[in-house]
Amino acid sequence: MARKKKTTRRTCAWCHKPTTLPAVYAADTPLMDWLEEKIDLVAKSKHIKRSDIWGEQSDWAKLGLTPGFENELLAYDSLLCTVTRKHICKTCLVDDYNLWLKYYSKIDDNPDNIDIIFEDLT
Ligand SMILES: [Zn+2]
């Protein structure tokens, strides 16, 4: 008797391509290069630091951001803060990690950064 090979079809929660990787805890959105870039550009144009816009201490009331940009940041923030178990394909994980390195690895008040700080000490 022929047995059907059991295939569990998993798709990447971010790009919807098939993936065989096990589920991981991940945010509802990957990091978005264009939005991260926009944060940098707006910070530059206002002569403030990136962390003044996108940081624990940021006070948007003082910055005069456009309502549209504020909405983008609010939506992005809530997606990034919603972490659930999901399947993410390798391409997305690698892309996301590279974007994280590009935009977040140099922030020293980020607790996730602690392993990099240790590397610097050796
Ligand atoms: Zn993917």
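Structure shown above.
Draft legend 1. View of the overall build of the protein chain. Broken down by element type, the protein chain carries five helices and two strands. Mapped from its N terminus to its C terminus, the protein chain presents α and β elements in the order β-α-α-α-β-α-α. Taking contacts inside the protein chain between residues at least 6 apart in sequence as the whole, the part at least 24 apart equals 64%.

Draft legend 2. How the structure looks around the environment of Pro30. Note that Pro30 resides in the loop between strand S1 (24-27) and helix H1 (33-45). We classify Pro30 as buried; it has 21 C-beta atoms within 10 Å. The contact partners of Pro30, leaving out residues within four places of it in the chain, are Trp14, Cys92, Asp95 and Asp96.

Draft legend 3. Molecular detail of unusual backbone geometry. Positive phi, close to 70 degrees, is recorded for His16, a residue that is not glycine. For His16, a count of 9 C-beta atoms within 10 Å corresponds to the exposed category. Residues other than glycine seldom take positive phi values, yet His47 does so here, at roughly 55 degrees. Positionally, His47 belongs in the loop between H1 and helix H2 (50-53).

Draft legend 4. Expanded view of the environment of Lys46. Among the structural elements, Lys46 can be located in the loop between H1 and H2. Lys46 sits 17 residues away from Leu63 along the chain, and the two C-alpha atoms are 8.2 Å apart.

Draft legend 5. Region of the structure containing the environment of Asp40. Mapped onto the elements of the fold, Asp40 is located in helix H1. Residue Asp40 is classed as partly exposed on the basis of its 15 C-beta neighbours within 10 Å. Placed 63 residues apart in sequence, Asp40 and Tyr103 show a C-alpha to C-alpha distance of 9.1 Å.

So, how was this worked out
- Residues numbered from 1 in each chain as written.
- Predicted model: local features only at pLDDT ≥ 70, side-chain atom pairs only at ≥ 80, totals over all residues.
- Helix = DSSP H or I, 4+ residues; strand = E, 2+ residues; numbered from the N terminus.
- Contact = placed C-beta atoms within 7 Å.
- Buried ≥ 20, exposed ≤ 12 C-beta atoms within 10 Å, placed from the backbone.

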